[in-house]
Amino acid sequence: MSKERIKIAEELFDIMPVEYQDLVKRATYGNGQRGWKDIGNAKELIEEHSLCAGCPESMAFRYILASLPNPEDTVMVGSTGCTSLVFPHVAVHNIHSLFGNQNAIASGLKRALTVRFPDRHKDVVVLAGDGATVDIGLDMTLQAWFRQEKFTTICFDNELYANTGGQESGLMQKGFVAKMAPVGKTFEKVRLPEIARESGCHYVVNCTVSKPNLIEKVIKNAVHVAREIGPTYLQLYTPCILEIGKNSMEGLQEMRDSEKPTERFAYKEYVSEPAKELLAELAAKEKERKAEAKKQLAGQSA
Amino acid sequence: MAAQASFIGQKNKKEQVYTDPWHMMNEAPRTPSFFTGSEVIKEAVRRASCDIMVAYPITPQSEAAALCGELFAEGYIGDYFRGESEFAVMSQCAGAAFGGARVFTTTAGPGTMRAMENFPMWAGARLPIQMIVTCRGINSPLSIQPDTLEISYLMQTGMLVWHAETAQDFYDWILKGYMVSEEPDVHLPLALCCDGFFVTHTKDMVDLTPVDMCLPPYDPYRSPVPCMDMECPPVRMMRDPFVMKSNYISYATHASWQQEVWAAVERSRKHTIRWMDGLIDTENTDADVIVVASGTAVSQSREAIAMLEEEGIHVGLVKVKTLRPWPGEEIREATKHAKHIIVPEFNVIGWLAREVSATISNNERIHAGPHVCGGMTMPPEIIAAEIKTVLGVKAPSLAGRGG
């Protein structure tokens, strides 16, 4: 979709909802340089959310939507959980259908868009919680990777079922006492990033969302690699402050504590050889673009 | 945008001409061919301009699903792959339909049940997916034999549900099915059911439409809900997701949408009547005894009726073609003179008899049965015996028929 498509006829402009007017005037569709720094300056693709005050997931959502390289041609797929309370506010097409089937939906969707738009990039990005990704939907998560489906899977890992009130999940830490784990979880946190690598993902990152510039980078990498090469996986720690007994202001510190080198969300990255080549190519192009821009700027001031 | 273009008269990459569907189905010359039901499915899909087909092996639909793979290899289908389970397959179909594709899939028995969570979602999301259901047993112990119990579950999902009797029905209804379910005022998925093995694995003469004619492609921009392809403006869909609200507006929204889905099933009636020449077929409805049946039970009833005719017993027949929409008015009219209504079925619970009972007055006239299940055949003799019992005519012992 070009940005032209969302333009409003002049005669009708004033009767359109103010959010839509804003979307046309100030959204960053079509801006190749869009990123987290646009937050607060440009119209964001997420309206006010309905998550808890201070929820790190809400920060993650904003960073991701600000960082999508091609939102005007991106369709997102969600699943049941806290994310499904946010998606109705998001200004890219998004699909919620059932709980856990997000990677199956995305497989069909990506193939349909490829058949219908063979000469264009239509990116598909899955965003679901850890229950959807690792427990009920694990089969479909892995099978999409085995088949080398070309879309990005993002897991908001809050280490439990938050939306239903804090039950044990496969990504929960061993020993954590939760609903349905009344004497503490008896087995280790599932090692999905390693499984993702072995299942054929070409770009895998495990980290927290404490640093917006890092999230921007990994989102762009993940989407570009998925578009050109094959499946990519991001596991982002978005702690459920409510269920781990923290206050609204403590989410960021919780993430910082959990990303220390010895902790479970220390930055981990896997990049396949073809993905490395692609990312190096993209980095070289970006460098060239910056040098060109600098030259032009120097020319203007001279 | 595709919405403004007419494809009629243009050729696809296989040199098939996109043809006016009414002309293709009702006026174009037909070629008689001797095919299995599975091969007939392939031939219909060859002419259906499908974008995506998702396959999974389960008896007795595996052959049809694999034959559609051959169509993909030949270039007749946009994309094709094997999913990992029926639950996943039906979600993959949903994803493709959300993305604006014409989608085809097939399943059977336990596969239908495994995928069940998807079907009300398909209907609620208004995805005009076509799913062939080659019915088989869903009970334990394991059975792969014909049994139509799964249809009774599909009937409550908001999908259109049709029950084919023969391979010819199948061929025509696959193509006509897309024409009905893609109507903007319908836009619902279709479960096109048949009795497994009896239809899929037997050979029959089927009149095929010309191979160089195919349906025009699906136009997703005629959908009553937005196609999820970022080709129309994305706006925030709602201020507060209904799932998290417990208030009147939330309930009213859900309630009105469920009503709208069922209203769309009703609106399909007029299109279905036009394409299928009515929701039921009838023969001799002035008889005192009328058999009401769907699927293969219709064929067996025809045999029984012919046998009884030789003995001077006149019996009428109602062939129920669509279960959703339900031809209530038609069945009421067709059975109004009947003193006895016999409903033979290939399942243990007798769901068709229940539906008919809920439809007509004086429903003590209904005799639910005979029922066979678990793969048993339904010899015309047992239908004839049931009718004779009802009429108080002495029937010879079936055990004495000899081998």
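Trainee: Now, about the pairing of strand β3 (residues 123-129) of chain A: what can you tell me, with residues and values included?
Mentor: Each regular strand displays side chains that alternate between the two surfaces of the sheet. Residue and element names in this part refer to chain A. With respect to burial, β3 is a largely interior element, 7 of its 7 residues being buried. Judged by which residues are buried, β3 turns out to be covered on both faces: D123, V125, L127 and G129 on one side and V124, V126 and A128 on the other are all buried. Relative to β3, strand β1 (residues 74-77) runs parallel, the two sharing 4 bridges. In the strand pairing of β3, V75 is matched with V124. Across 5 bridges, the pairing between β3 and strand β4 (residues 152-157) is parallel. Across the sheet, the residue bridging to V126 is T153, located in β4.

Trainee: Tell me about the sheet that holds strand β11 (residues 280-283) of chain B, and please be specific about residues and values.
Mentor: All names here are of chain B. If you walk across this open sheet you meet the 5 strands as β11-β13-β12-β15-β16, and the pairing is mixed. Both outer strands of the open sheet, β11 and β16 (366-371), are each paired with one neighbouring strand and no more. Between one strand axis and the next, the sheet turns by 20 degrees as a mean value, whatever way the strands run. Pairing between strand β15 (residues 340-345) and β16: 4 bridges, direction parallel.

Trainee: Could you give me a rundown of the environment of T359(B), with the residues and numbers involved?
Mentor: Residue and element names in this part refer to chain B. In this fold, T359 is placed in the loop between α12 (351-357) and β16. Expressed as a C-alpha distance, the spacing of T359 and R267, which sit 92 residues apart in the sequence, is 19 Å. Beyond its immediate stretch of four places on either side in the chain, T359 contacts G328, I331 and R332.

Trainee: Go over the interface of chain A and chain B, please, and point to the residues and values.
Mentor: Tallying the contact residues gives 38 residues for chain A and 37 residues for chain B. Of all elements in the fold, only α1 (18-26), β1, α3 (83-86), α4 (102-116) and α6 (138-146) of chain A reach the threshold of two or more residues within the side of chain A that touches chain B. By residue number, the principal contributor to the side of chain A that touches chain B is α4(A), which donates 11 residues. For the side of chain A that touches chain B, the class distribution of residues is 18 nonpolar, 10 polar and 10 charged.

Trainee: An account of the domain arrangement of chain A is requested, with residue identities and associated values reported.
Mentor: All names here are of chain A. Split by domain assignment, chain A resolves into domain 1 (33-271) and domain 2 (275-302). If you average the C-alpha positions of domain 1 and of domain 2, the two centres end up 30 Å apart. Taken together, the contact pairs 8 residues of domain 1 with 5 residues of domain 2. For the side of domain 1 that touches domain 2, the element with the most residues is helix α8 (residues 212-228), which contributes 4 residues.

Trainee: So what's going on with the confidence of the model for chain B? Residues and values would help.
Mentor: Do not read the predicted coordinates in detail wherever pLDDT is low. Model confidence for chain B is summarised by a mean pLDDT of 93, while 94% of its residues fall at 70 or above. Both scores are available for the predicted complex, with the pTM at 0.95 and the ipTM at 0.95.

Trainee: Describe the domain arrangement of chain B, with residues and values.
Mentor: All names here are of chain B. Under the domain assignment used here, chain B contains domain 1 (9-222) and domain 2 (280-393). Between domain 1 and domain 2, the C-alpha centre-to-centre distance is 28 Å. Contacts between the two partners involve 21 residues from domain 1 and, on the opposite side, 20 residues from domain 2. If you list the elements that add at least two residues to the side of domain 1 that touches domain 2, you get α7 (149-154), β7 (160-163) and β8 (190-195). With 4 residues, the top contributor of residues to the side of domain 1 that touches domain 2 is β7. Here the side of domain 1 that touches domain 2 is composed, by residue class, of 11 nonpolar, 7 polar and 3 charged.

Trainee: Requested: an account of the packing of α4(A) against helix α4 (residues 86-98) of chain B, with residues and values cited.
Mentor: Relative to each other, α4(A) and α4(B) sit at 40 degrees, their axes nearing to 6 Å. Taken together, the axes of α4(A) and α4(B) lie oblique to each other. Between α4(A) and α4(B) lies a crossing of right-handed hand. Seen from α4(A), the contacting residues are A104(A), I105(A), A106(A), S107(A), G108(A), L109(A), R111(A) and A112(A); seen from α4(B), they are A88(B), S91(B), Q92(B), C93(B), A94(B), G95(B), A96(B) and F98(B). A breakdown of the residues in the contact of α4(A) with α4(B) according to their chemical character gives 10 nonpolar, 5 polar and 1 charged.

What counts, and where the lines are drawn
Residues numbered from 1 in each chain as written. Chains lettered and ligands numbered in written order. Predicted model: local features only at pLDDT ≥ 70, side-chain atom pairs only at ≥ 80, totals over all residues. Buried ≥ 20, exposed ≤ 12 C-beta atoms within 10 Å, placed from the backbone. Helix = DSSP H or I, 4+ residues; strand = E, 2+ residues; numbered from the N terminus. Pairing = 2+ DSSP bridges. Axes fitted to C-alpha atoms, helices over the stretch in contact; angles between N-to-C directions. Contact = placed C-beta atoms within 7 Å. Nonpolar A, V, L, I, M, F, W, Y, C, P; charged D, E, K, R; others polar. Domains from an automatic or database assignment. pLDDT = per-residue confidence, 0-100. Parallel < 35°, antiparallel > 145°, perpendicular 65-115°, else oblique. Left-handed = near helix turned anticlockwise from the far one by under 90°.

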